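Structural overview
Read off the chains here:
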There are 2 protein chains.
Amino acid sequence: MAMKLLFFFLFALWSCRAKPIHPHPLDPLTPSEFNLVQTILQKSYPSSIKNLTLQYIGLDEPDKPLILSWLSSSKSKSKPPPRRAFVVARDHVHKQSLEITVELSTYSIVSSKIYTGHGYPLLSLEEQTVVSLLPFSYEPFIESVKKRGLNISEVACTTFSVGWFGEVKTKRVLNLLCYYMKGTANLYMRPLEGVTIVVDLDEVRIVKYVDRFIVAMPKAEGTEYRASKLKPPLGPKLKGITVTQPDGPGFKIDGHTVSWANWAFHLGFDVRAGPIISLASIFDVQEQKYRRVLYQGFISELFVPYMDPTEEWYYKTFFDSGEFGFGQSASSLEPFTDCPANAAFLDAYYASSDGTPVKISNVFCIFEKYAGDVMWRHTETLIPGQVITEVRPDVSLVVRMVSTVGNYDYIIDWEFLPSGSIKLGVGLTGILEVKGATYTHTDQIKEDVYGTLLADYTIGVYHDHFLAYYLDLDIDGEANSFIKNNLETVKVKHHSSPRKSYWTVVSETAKTEADARIKLGLKASELVVVNSNKKTKPGNKVGYRLLPGSIIHPLLLNDDYPQIRGAFTNYNVWVTPYNKSEKWAGGLYADRSRGDDTLAVWSLRNRDIENKDIVLWYTMGFHHVPCQEDFPVMPTLRGGFELRPTNYFESNPVLKTKPPKNVYSPNCSSHP
Amino acid sequence: MAMKLLFFFLFALWSCRAKPIHPHPLDPLTPSEFNLVQTILQKSYPSSIKNLTLQYIGLDEPDKPLILSWLSSSKSKSKPPPRRAFVVARDHVHKQSLEITVELSTYSIVSSKIYTGHGYPLLSLEEQTVVSLLPFSYEPFIESVKKRGLNISEVACTTFSVGWFGEVKTKRVLNLLCYYMKGTANLYMRPLEGVTIVVDLDEVRIVKYVDRFIVAMPKAEGTEYRASKLKPPLGPKLKGITVTQPDGPGFKIDGHTVSWANWAFHLGFDVRAGPIISLASIFDVQEQKYRRVLYQGFISELFVPYMDPTEEWYYKTFFDSGEFGFGQSASSLEPFTDCPANAAFLDAYYASSDGTPVKISNVFCIFEKYAGDVMWRHTETLIPGQVITEVRPDVSLVVRMVSTVGNYDYIIDWEFLPSGSIKLGVGLTGILEVKGATYTHTDQIKEDVYGTLLADYTIGVYHDHFLAYYLDLDIDGEANSFIKNNLETVKVKHHSSPRKSYWTVVSETAKTEADARIKLGLKASELVVVNSNKKTKPGNKVGYRLLPGSIIHPLLLNDDYPQIRGAFTNYNVWVTPYNKSEKWAGGLYADRSRGDDTLAVWSLRNRDIENKDIVLWYTMGFHHVPCQEDFPVMPTLRGGFELRPTNYFESNPVLKTKPPKNVYSPNCSSHP
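The rules behind these values
- Residues numbered from 1 in each chain as written.
- Chains lettered and ligands numbered in written order.
- Predicted model: local features only at pLDDT ≥ 70, side-chain atom pairs only at ≥ 80, totals over all residues.
- Heavy atoms only, no water.
- Pairing = 2+ DSSP bridges.
- Helix = DSSP H or I, 4+ residues; strand = E, 2+ residues; numbered from the N terminus.
- Axes fitted to C-alpha atoms, helices over the stretch in contact; angles between N-to-C directions.
- Core = buried A, V, L, I, M, F, W, Y, C linked by side-chain atoms within 4.5 Å.
- Buried < 20%, exposed > 50% of the residue type's maximum accessible area, 1.4 Å probe, protein only.
- Contact = heavy atoms within 4.5 Å.
- Disulfide = S-S within 2.5 Å.
- Polar contact = N/O pair within 3.5 Å; in protein donor to acceptor, adjacent residues only side chain to side chain.
- Least-squares fit on C-alpha atoms with pLDDT ≥ 70 in both.
- pLDDT = per-residue confidence, 0-100.
- Salt bridge = Lys/Arg side-chain N within 4 Å of Asp/Glu carboxyl O.
- Nonpolar A, V, L, I, M, F, W, Y, C, P; charged D, E, K, R; others polar.

1. Quick notes on the sheet that holds strand β23 (residues 434-436) of chain A
Residue and element names in this part refer to chain A. Pairing in this open sheet of three strands is antiparallel, and the strands run β23-β25-β24 from one edge to the other. For this open sheet the edge positions go to β23 and β24 (451-455), each flanked by a neighbour on one side alone. The mean inter-strand angle of the sheet, taken between neighbouring strand axes irrespective of direction, is 40°. Of the strand pairs in this sheet, β24 and strand β25 (residues 458-461) are connected by four bridges, and their pairing is antiparallel. Bridge assignment links G451 to a residue of β25, and that residue is V461.

This is the structure:
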């Protein structure tokens, strides 16, 4: 068994560590490329480099036309476009942010400019660690801990972005909140309420300190979640269960290119966005060729505003991607629990604030999912003397990353179905952000406490999670249009039918961006991205449609500062013409941003989007009213949506899929 | 391997065929009980029995108080309530429907009355088979087939309910539609358009025949779906994959009672409703006892109106449950494809129209589902010098039935999660109902054709699927209330906070039925059924909330006949006080009903529902605009919703679940 296990891991290692046969121009920067960038920057800024921290280093993607022509040419021969890195650096002396583009092949800096707009770059883990230690040598804080009768060696502090609330002048500051560990690993359940610590990231010092009040420390009992520490009664008990593929996985990983069943795509990693899916194409069995569906897709921003206006909480309006880095916050996935036994794992690299490459092991897992679902079926009993039953089990391919932004864990799935659907799933789990309070029972609560009393002295504060997806669909080519197929009631003209009404489809093509701003749930429409220049044999427009999941709308006032910054949530759906510079729905400089560089602002230009290379933006999310079940660690809350082929194929693309060979439960062992 | 397979099946047989240790008062009627009913009826109606067909025979459930007192008493000692059958019979001579209640223990008829209201009972399979053969000895039809140059031996006809369109007097009639098989098993793709055949079910004869026009017969090419008949190119190819449980399944089946992990429930079968889940309770690890969640749940009605007002199509407004019997239409599930390898299968019985019991093998499958998802997780990096990662994989229990109502296959899942959630899933697959037309290209289409041109001469007609769920929740007891937790924006009083707004929860308890009629999507609320008499330690009301999936609303006019009959779709959510006689949202006599016995009518009584034994009704569904991918068999389209514990437990009920033992992929064989 141990040998088998070894082989299994060797396979995984081989399959995901294998050197790419030919590097892809969309591959993320490699460790050696990060080192190269570091060297080039050190050479170029010899004097000031010690004052420079590198807040973001990522691939500066070749322009789309370059990629497309490289693809259309026979790749093996043609030289891929040059490799470039985009760097955002922070000069702590002049308190400026710099945008630097580095060309790797020529070891040169292509461009370098000082950013003069509002907002600040991605926060680096290093600077957050450094400032989070400042309180421990800061007398007033040590005093506050004493006053609360706590042991400072059991205290840990962490960083919170402070947002923007109309200040004319802002500094690059963070708030620190501190938690008490003693008796639990679940420190988020035990905040030191009443203490406000503001640190300046450029000056690396505490610039404001307030100890406003003391409330009882929430208890540690019942907050432990480590299996090794659990005390009875335990349960419920579950039998061992796993997924088995006797002939091995069906997918291939070549460098960053993944192919499985009828799908092929490129999987990149970005320190800010996390997974980036590019060039997703599906093999058309009838046409015997791959056809493009998605040029690129990723989570553009994640907006998490809390709903407590009080002094210690009002500012909590986080941009988890643009402030904290969704990729940077990725957790190493655990085999067998984060992903099933048949998963392969991939590593990724980002650069620390001095440019040194940092590895995240097992940042992605890729696995074939079989949930016992049915791809399609029919039982036919109408034919005299026979019963026909044909069933195809459903199997899909999942690419998963988990990003743990402080207390919350986000499970991000990209799921590819042989039927042509792409399902985008998000699982919310991890730990609530709670507020210490004096209450032990709701009867004691007389005013709005902005949350749910979950346990003694513990309030789970109301909040939202909005996820904005960037989806540059290229439906069988770049020139696409966005169509609203509105289902409209038709009144039957008197007595022309025994019916009084029916509904029919009235198509409406969005001409400009304004036509494509959609609040979902108001009317019945199918939203389709089509290639207006390609039709099926019967003459339908080749397309993919958006199947939304559960829909939410923002509840903050439009002119409230957090909503101005998160204005990309004002609509669930937006369509913009492709523009390389429009990637981040909340702006490139999200920290303390003022909403002047958001999707909502770009869309106001109201550009033409008909028969153009367009980008579909979809915002999904959750209003989260915490309940006691979410305490002390919350069961996964799932959401998602689907991109589904709609007259993209001439007929059911999986009609001619043979059912996979039956696999019978063998004498598997639960012990390695 | 063969041996292993044998053992596997023996296990399955044993686990699901095992005799109940003690029969349960909610068990469906057994074959011998059906025979008993048949005998009693023959004795009681000696003369007229030959004119009587039995349209419905099902368990007449003991009144809820009886069941509850039986449950609370020590079952082993106390005698269960008496077994009764409810029968709806049709007297073909007097053209009357009879309602008969039979007491089995006393071999007596408790009550018998003639039904005088509108509408007709469930259609039996036998009568449908008989009338569908009438055309083949009917000259005008034979002529019509000749005229179309078709071979009558390749023709098959089937039955369609005709609905109600304001007729003052109705007869118990059906329409027949006929299809052409030649060259395909997919006869639904090849309708004999233009022919209308009306048959009288009481008189068993054709009462109307019209041959209005001839259109080209859709081609057979590309409509074949049998794996054995498929011609290359095939694909996509999928590797074998299965679910493995080395220590066997974790669930127990005792008669009709299923227990797994922390769940226990009763699984019944009804010829009309299909699966009936009763007495679903979850074991509370902290309280060390089972607590009730659901007294009973089932699909009450399924409304499928088509959107073509023309002479041959206008009437297609089907009630798949009340007219055709969702249970009666159940298909035998195929191991390995309809359900995974770790599934156990159960049979069910119903009575044919003469009362003889009929067996449906493998009508249900029950399996533990592991989709590679995460039950909960957290990675903690804040504690100096250590990284904590705790992950629990998600496993659930699925009860599945597939009902094939003519062309469509509905996959009905009841999924129970250890975290306390119940997920109700529906998968739509099977074959579209298409209309023959003269078109081969959309450019030829000048008027509304009420559907999508899918292939030559083939239009997929627009339609809806509405599923109404009956959910008699008993949240920790019978006395429950329905609460709307409305998320409402609060404007911050000037300068009391840097924020201008936030949202908070304003609770609203529904006093009467009118307060609980809800069109979803209009405002942000959490809908919770609570036990107002039980609170958690912190004082929150013990409850379960409804998490809707994708939401639809009817688009027919309110005064249109089909909408009057399907008025239970006017709202997504309704709450009624428990009433044994209110089970079928579309009425007990759904065939040709006039909407006078629907949920919408009951609700108008506007009864008190606060702190009462209440029933939650939820209607979900799909507007279906067919696309070419749905041709000739459609990939499964999924929908569903979730019932999720909300302050039902004091804390996360799966916090103390140990992860199941890792199971490593062994050398399974794909060959038995």
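2. Focus on the nonpolar core
The biggest cluster of nonpolar side chains holds 279 residues, and the ones touching the most others in it are F482(A) and F482(B). With residues up to four places along the chain from it excluded, the contact list for F482(A) reads E508(A), T509(A), A510(A), A516(A), I518(A), L527(A), V528(A), V529(A), V573(A), V575(A), I614(A) and L616(A).

3. A closer look at the state of the cysteines
Cysteine pairs can be linked by a disulfide, which is a covalent bond between their two sulfur atoms. All names here are of chain B. A full pass over the atoms with the stated rule returns four disulfides over all chains. Across the disulfide from C339 sits C365; the S-S distance is 2.1 Å. Measuring the twist about the S-S bond at about -90°, one finds the C339-C365 disulfide to be left-handed. Taken together, the residues C339 in the loop between β15 (317-319) and β16 (344-351) and C365 in strand β17 (residues 357-369) connect sequence positions 26 residues apart. The exposure classification of C339 matches that of C365, with both residues buried. In chain A, the bonded cysteines, numbered by position in the sequence, are linked as 1-2, 3-4.

4. Here's the deal with the side chain of E127(B)
Residues and elements named next belong to chain B. Here E127 lies in helix α4 (residues 125-133). Within the local environment of E127, its side chain forms a polar contact with the side chain of Q55, the two groups lying 2.8 Å apart. If near-sequence neighbours (up to four positions away) are discounted, E127 is found in contact with Q55, H92, L122, R172 and L201.

5. Quick notes on the relation of the copies chain B and chain A
Taken together, a rotation about one axis and a shift along it account for how the two chain copies relate. Aligned on chain A, chain B shows an RMSD of 0.0 Å; the corresponding rotation is 180° and the shift along the axis is 0.0 Å. The relationship between the two copies is best expressed as a two-fold rotation axis. Mapped onto chain A, 100% of the interface residues of chain B are again interface residues, and the two copies thus contact each other with one and the same surface.

6. Observations regarding the sheet that holds strand β4 (residues 108-115) of chain A
The strands making up a sheet associate through hydrogen bonds between their backbones, and the pairing can be parallel or antiparallel. All names here are of chain A. Strands sit in the order β1-β2-β3-β4 across an open sheet of four strands; the sheet is antiparallel. Of all strands in the sheet, those with a lone pairing partner are β1 (52-59) and β4, marking the two edges. Neighbour-to-neighbour, the strand axes of the sheet open up by a mean angle of 20°, direction not taken into account. Pairing of strand β2 (residues 84-91) with strand β3 (residues 96-103), which is carried by eight bridges, proceeds in the antiparallel orientation.

7. Description of the confidence of the model for chain A
Residues and elements named next belong to chain A. In the predicted model, chain A carries a mean pLDDT of 93, and the fraction of residues at 70 or more is 95%. With pLDDT under 50 throughout, residues 666-672 is counted as low confidence; its partners more than four residues away or in other chains account for 24 contacts. Interface predicted TM-score (ipTM) for the complex: 0.95; the corresponding pTM is 0.96.

8. As for the interface of chain B and chain A
Contact with chain B, which involves 187 residues of that partner, is made by 187 residues of chain A. For the interface between chain B and chain A, the tally reads 12 salt bridges. Of the residues forming the side of chain B that touches chain A, the biggest block, eight residues, is contributed by strand β33 (residues 634-646) of chain B. Its residues assigned to classes, the side of chain B that touches chain A shows 91 nonpolar, 55 polar and 41 charged. Here strand β9 (residues 242-244) of chain A runs beside strand β9 (residues 242-244) of chain B; their pairing, made up of three bridges, is antiparallel. Within β9(B), the residue paired with V243(A) across the bridge is V243(B).

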